[in-house]
Amino acid sequence: MKPKKIIKNWSVPKGQELTEFDKKVLAFQNRGELVPKRKLIKTPEQIEGIRRSGVVNTGVLDLIEREIHIGMSTAEIDRLVYEYTTDHGAIPAPLNYEGFPKSVCTSINEVVCHGIPSDDEILEEGDIINVDVSTILDGYYSDASRMFILGETTPEKAKLVRVAKECLEIGQAAAKPWGFVGDIGKAIAKHAHANGFSVVRDLCGHGVGLAFHEDPEVDHYNTHRNGMLLVPGMVFTIEPMINMGTWEVFVDEEDDWTIVTEDELPSAQWEHTFVMTEHGLEILTH
Ligand code: MF3
Ligand code: CO
């Protein structure tokens, strides 16, 4: 049998005294658990920078919450996001990110995420839409999304929106300092399944702060693995995508961005950026 190689993400410079913190992380690493690289542990200054970015990000979402209405195009949402963000000295992170053409993702009904705003897409009564906003302020990234219901929708779609929000809250509560990323998806999947819904597997939450997407990957389903150790100072998103039907999704071939449910049944998602503290997760995008 071949011994499993331990990934040595955590190292201490030669000759440097081990802190209690180092010892704690190294104990997990020596047991074969996946631990973060040191650079994933943000300094208090970096956390404050991400928090300031999060204030602008929340301002954008609050503006959309006030302005969104039936008859509006998703391109109008995009323009509001661009104007508010730049007026506040910040940059919309999606714009030109890996070729993404707009400032925000707008994902209606069966669109899971990464929908591209368009003048031709008009919000209708009963639509459920995810508006996913990400902001760069002074080099610091924040990322959050909310669902909005246009007028009256069906009880099933309203339930999907509610349960998706509960999944985010349950994921937040499941993430404990010195616990594991895997605890998050396990708790989320249990709640989604208990309500008759499924969890998207092909997209995950992520570390964030100094870049748009950092380690760790945060799965929202039960991988039956621990995943990365959760260490105070880590900053990451939880953003469960919950489907009414199958968990399977496909990428729209026309734009290569829009993610759609395989059965074209509705999907809902909520997202926050969190920092892990000694007492649990704190929201940076309130
Ligand atoms: N905001 C998305 C996330 O939650 C990422 C969108 S990438 C983009 O990670 F290019 F589509 F904006
Ligand atoms: Co995200």
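So, how was this worked out
Residues numbered from 1 in each chain as written. Chains lettered and ligands numbered in written order. Predicted model: local features only at pLDDT ≥ 70, side-chain atom pairs only at ≥ 80, totals over all residues. Heavy atoms only, no water. 1 Å grid on protein atoms, 1.4 Å probe; cavity = no way out; pocket = protein on both sides within 12 Å on 5 of 7 lines; lining within 4 Å. Points joined across faces, edges and corners; volume = space filled by probe spheres on them. Nonpolar A, V, L, I, M, F, W, Y, C, P; charged D, E, K, R; others polar. Helix = DSSP H or I, 4+ residues; strand = E, 2+ residues; numbered from the N terminus. Buried < 20%, exposed > 50% of the residue type's maximum accessible area, 1.4 Å probe, protein only. Phe/Tyr/Trp six-rings, centres within 6.5 Å; stacked < 30°, edge-to-face > 60°. Lys NZ or Arg CZ within 6 Å of the ring centre and 35° of its normal. Contact = heavy atoms within 4.5 Å. Pairing = 2+ DSSP bridges. Donors = N, O, S within 2.8 Å, 3.2 Å for Na, K, Ca; no water. Tetrahedral: all angles 85-135°; square planar, octahedral: opposite > 155°, others 65-115°.

Asker: Honestly, the layout of surface pockets in this entry has me stumped. Any pointers?
Answerer: If a probe as big as a water molecule is rolled over the atoms, it shows which places are left empty. A volume near 440 Å³ is recorded for the largest pocket. Looking at the largest pocket, it is lined by 21 residues, and the ones nearest its centre are Tyr97, His114, Leu203, His213 and Trp257. Considered class by class, the residues forming the lining of the largest pocket number eleven nonpolar, four polar and six charged. What the second largest pocket holds in volume is close to 320 Å³. Contributing to the lining of the second largest pocket are Lys4, Lys5, Ile6, Ile7, Gly32, Glu33, Leu34, Arg225, Asn226 and Gly227. Of the residues contributing to the lining of the second largest pocket, the split by class is three nonpolar, three polar and four charged.

Asker: Any chance you could explain unusual backbone geometry here in plain terms?
Answerer: A negative phi holds for most residues other than glycine; trans holds for most peptide bonds. With an omega of 0 degrees, the peptide bond running from Asp215 to Pro216 counts as cis. As for its position among the elements, Pro216 is in strand β8 (residues 214-218). Positive phi values are uncommon outside glycine, yet Asp138 reaches one of about 50 degrees. Examined against the element boundaries, Asp138 turns out to sit in the loop between β4 (128-137) and β5 (140-149). A residue is classified by how much of its surface remains accessible, and Asp138, at 60% relative accessible area, is exposed. The backbone of Asp256 sits at a positive phi, close to 65 degrees, despite the residue not being glycine. Within the secondary structure, Asp256 sits in the loop between β11 (249-251) and β12 (259-261).

Asker: Please explain the packing of aromatic side chains as it appears in this structure.
Answerer: How two aromatic rings sit relative to each other is given by the distance of their centres and the angle of their planes. All told, the structure shown has seven aromatic pairs when counted by the stated rule. Relative to Phe180, the ring of Phe28 has its centre 6.0 Å away and its plane inclined at 75 degrees; by these criteria the two rings are edge-to-face. Of this pair, Phe28 sits in helix α1 (residues 20-30) while Phe180 sits in the loop between α4 (155-174) and α5 (182-194); the two residues are 152 residues apart in sequence, bridging distant segments of the chain. Given the relative accessible area of 12%, Phe180 is considered buried. In this structure, Lys165 packs its charged tip against the face of Trp270, placed 4.9 Å from the ring centre. The aromatic ring of Trp247 is capped on one face by Arg201, whose charged end is 5.0 Å from the ring centroid.

Asker: Quick question: what am I supposed to make of the environment of Cys113 here?
Answerer: Note on placement: Cys113 falls in strand β3 (residues 111-113). Classification of Cys113 as buried rests on a relative accessible area of 4%. For the pair Cys113 and Leu203, spaced 90 residues apart in sequence, the C-alpha separation works out to 9.2 Å. With sequence-adjacent residues up to four places away left out, Cys113 is seen in contact with Ser107, Leu203, Met241, Trp257, Thr258, Ile259 and Gln269.

Asker: What is the right way to look at the sheet that holds strand β13 (residues 267-269) in this model?
Answerer: Hydrogen bonds between backbone atoms are what pair the strands of a sheet, whose relative direction is either parallel or antiparallel. A sheet is described by the order of its strands in space; here three strands give the open sequence β6-β10-β13, paired in antiparallel fashion. The two strands at the open ends of the sheet, each matched to only one other strand, are β6 (198-199) and β13.

Asker: Can you help me understand the coordination of the cobalt ion (ligand 2) in this one?
Answerer: Ideal coordination angles are 109.5 degrees for a metal with four donors arranged tetrahedrally and 90 or 180 degrees for a metal with six donors arranged octahedrally. Coordination of the cobalt ion (ligand 2) by the protein comes from Asp143 (OD), His206 (NE2), Glu239 (OE) and Glu271 (OE), over a distance range of 2.1 to 2.2 Å. Between the six donor atoms coordinating the cobalt ion (ligand 2), the angles at the centre fall across 53 to 158 degrees, so the site counts as irregular. In terms of primary sequence, the donors binding the cobalt ion (ligand 2) are separated according to D-x62-H-x32-E-x31-E. One end of the pair, Asp143, is in strand β5; the other, Glu239, is in the loop between β9 (235-238) and β10 (241-243), with 96 residues separating them in the sequence. Taking the relative accessible area as the measure of exposure, Asp143 reaches 2% and is therefore buried. Glu239 sits in the buried class, given a relative accessible area of 7%.

Function cannot be inferred from these measures alone, as they are strictly geometric.
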